[in-house]
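# Per-entry structural report
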Amino acid sequence: MKTNKLKKNDEIELTITALSSEGSGIGHFEGLAVFVDSAAVGDILKTHIIKVKSSYAVGKIVKIIKPSKHRIPPDCPVYDRCGGCSYRHIRYEQELEVKRQRVEDALRRIGGLNISVGEILHIEDTNGYRNKAQYPIGFDADGGTVIGFYAKKSHRIIDCRSCALQPPEFEAILNAIAKWAAENSVGFYDEEKHKGLLRHIYLRKGRTTKQTMVCLVINGNNVPKKEKLIQALTETDETVCSVVLNINRNKTNVILGAECITIYGSDFIEDELCGLKFRISPLSFFQVNPAGAELLYRKAAELAQLKSTDTLLDLYCGAGTIGLSMADKVKNVIGAEIIEPAIENAKENARLNGIENAEFFCSDAAEISAKLLEKGFEPNVIVLDPPRKGCSREMIETAVKLGPERIVYVSCDPATLARDCKIFAQLGYETKKAVAVDMFPRTVHVECVVLLTKVQK
């Protein structure tokens with residue numbers, strides 16, 4: 001049995017040759033892969049080894065001996081501690097190439113597909129693009145208030161009220177809540193003891209309407225001095241038009257509970273996406289980067305080659321955003337989603353926009369496909385937008401039996417997309433085109449959309 005010469009606490013010189021799917025730099029020492037956070041391709045590093053396994057090692061940067069040509073100074077004071085961004089230390093052009101290559105490599109290596117991914121689609125502004133933020137709140141070691149984000153792979157809160165990815169006006173709202181909490185003895189939630197009232201601060205903002213929703217996630221049924229809270233919020237930011245309490249008394253890491261109580265203004269805010277209006281409540285699904293979502297949806301519609309006589313089946317439809325954005329191009333849309341509140345949102349969104357050729361059903365994607373198959377339903381186009389784990393084999397087989405001419409698959413995980421494309425190929429559907437979309441700049445995440453067409457026998 002081969003043993004590694006490398007040991008914990010060794011210090012080595014390492015050249016970074018690639019980046020992992022989680023954003024770590026990858027170098028090799030005597031044939032062993034070594035992963036290093038905050039590294040860039042081309043870096044030559046003095047590296048301290050902190051973990052050694054049989055097939056890999058983990059190190060941390062002691063000194064940058066020679067920086068990569070792609071390296072830039074990080075523009076965030078908590079970048080090296082926060083678990084949000086992974087690429088603030090490299091040029092954005094290089095980040096785009098890393099993500100494009102990641103999609104192409106997955107399709108070729110996992111999917112066995114001889115396909116090229118062209119230029120990655122992206123928005124111009126890599127800052128302030130998110131319309132939603134969820135901030136844990138707690139105390140530091142000295143009893144001071146910390147509001148921000150969890151450190152990587154932990155539930156330790158890094159204080160960060162001014163995040164480059166969020167709208168800049170969120171910072172003033174956080175400060176107003178912290179001041180209200182301090183003045184009115186509002187306790188913060190302790191995960192280990194399951195005690196304390198305020199768990200998270202959850203903010204949403206309409207890109208086009210500029211409306212702002214403030215939601216406090218609480219371990220209780222109410223908050224003290226609501227009038228002072230509302231006054232502080234509305235005086236701080238005049239766009240605040242909804243203040244909501246979300247009740248979550250469960251001992252869980254899940255942020256939101258099922259019950260919401262509006263204590264000021266509306267139960268929802270409104271925004272627009274692809275020319276359509278959407279009402280967004282705390283529990284609604286809505287793309288956190290609307291400008292990026294429009295790029296993705298337009299490309300999906302382009303690949304679908306929709307005709308006015310087509311019937312479109314939108315599986316994993318969520319709040320109906322993809323199907324509704326394509327409804328004016330087809331004869332009719334049928335959407336399915338297993339989460340009931342999302343289906344209610346989809347139906348409401350169709351009514352809000354006067355769309356009468358779309359129906360939505362609360363059902364597992366494989367189950368609704370099987371029922372449609374029994375009824376002899378023949379969609380021309382199927383749109384798939386599954387969760388990160390991808391589609392089940394049963395789902396893919398049923399979709400193939402429905403016999404659509406074209407399948408458009410939207411994915412947030414290149415690996416599971418590639419796996420599923422390989423199964424589709426075995427069942428008679430060829431991957432014709434693949435496009436990557438950077439929906440979440442400066443993070444490791446990348447979206448992609450592929451067109452699969454039925455092979456004519």
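Right above here is the structure, for reference.
This report concerns the structure included in the present document. Model, not experiment: these values are computed from the prediction. (Residues numbered from 1 in each chain as written. Predicted model: local features only at pLDDT ≥ 70, side-chain atom pairs only at ≥ 80, totals over all residues. Heavy atoms only, no water.)

For Arg71, the location among the structural elements is in the loop between strand S5 (56-66) and helix H1 (92-109). According to the relative accessible area criterion, Arg71 is buried, its value standing at 18%. At 2.8 Å, the side chain of Arg71 forms a polar contact with the backbone oxygen of Ser38. At 2.6 Å, the side chain of Arg71 forms a polar contact with the side chain of Asp43. The contacts of Arg71, once residues within four sequence positions are left out, are Ser38, Ala39, Ala40, Asp43, Ile61, Ile64, His89, Ile90 and Arg91. (Helix = DSSP H or I, 4+ residues; strand = E, 2+ residues; numbered from the N terminus. Buried < 20%, exposed > 50% of the residue type's maximum accessible area, 1.4 Å probe, protein only. Polar contact = N/O pair within 3.5 Å; in protein donor to acceptor, adjacent residues only side chain to side chain. Contact = heavy atoms within 4.5 Å.)

Taken as a whole, this structure holds 5 aromatic pairs when the rule is applied. With a centroid separation of 5.1 Å and 40 degrees between ring planes, the pair formed by Tyr135 and Phe149 is classed as tilted. Placement of the pair is Tyr135 in strand S7 (residues 132-139) and Phe149 in strand S8 (residues 145-150), with a sequence separation of 14 residues. An angle of 35 degrees between the planes, with centres 4.6 Å apart, marks the rings of Phe139 and Phe188 as tilted. With a gap of 49 residues between them, Phe139 in strand S7 and Phe188 in the loop between helix H2 (170-183) and strand S10 (198-205) connect regions that are remote in the sequence. Residue placement shows Arg199 over the ring face of Tyr189; its charged tip is 4.0 Å from the ring centre. (Phe/Tyr/Trp six-rings, centres within 6.5 Å; stacked < 30°, edge-to-face > 60°. Lys NZ or Arg CZ within 6 Å of the ring centre and 35° of its normal.)

Turning our attention to the nonpolar core. Counting 86 residues, the largest nonpolar core has Tyr135, Ile177, Ile201 and Leu216 as the members making the most contacts within it. Setting aside residues no more than four positions away along its own chain, Leu216 makes contact with Ile177, Trp180, Leu198, His200, Ile201, Leu229, Val244, Leu245 and Asn246. Core analysis: the next-biggest nonpolar cluster, separate from the first, contains 41 residues, Ile120, Met395, Ala436 and Val450 among them. (Core = buried A, V, L, I, M, F, W, Y, C linked by side-chain atoms within 4.5 Å.)

To continue, consider helix H3 (residues 226-236). Taken residue by residue, H3 has Leu229, Ile230 and Leu233 as its buried positions. Down the axis of H3, the sector holding all buried residues measures 95 degrees, keeping them to one side. In this structure, H3 carries Glu227 and Glu235 as exposed residues pointing more than 90 degrees from its buried face. Next to the buried residues of H3 lie H2, strand S11 (212-218), strand S12 (240-247) and strand S13 (259-265). (Arc of directions from axis to C-beta.)

Now for the side chain of Arg88. You can see Arg88 is positioned in the loop between S5 and H1. The class for Arg88 is buried, based on a relative accessible area of 3%. A polar contact of 2.6 Å, which involves the side chain of Arg88, links it to the side chain of Asp75. Engagement of the side chain of Arg88 in a polar contact is seen with the side chain of Asn127, the distance being 2.9 Å. The contacts of Arg88, once residues within four sequence positions are left out, are Ile72, Pro73, Pro74, Asp75, Cys76, Tyr79, Asn127, Ala164, Leu165 and Arg442.

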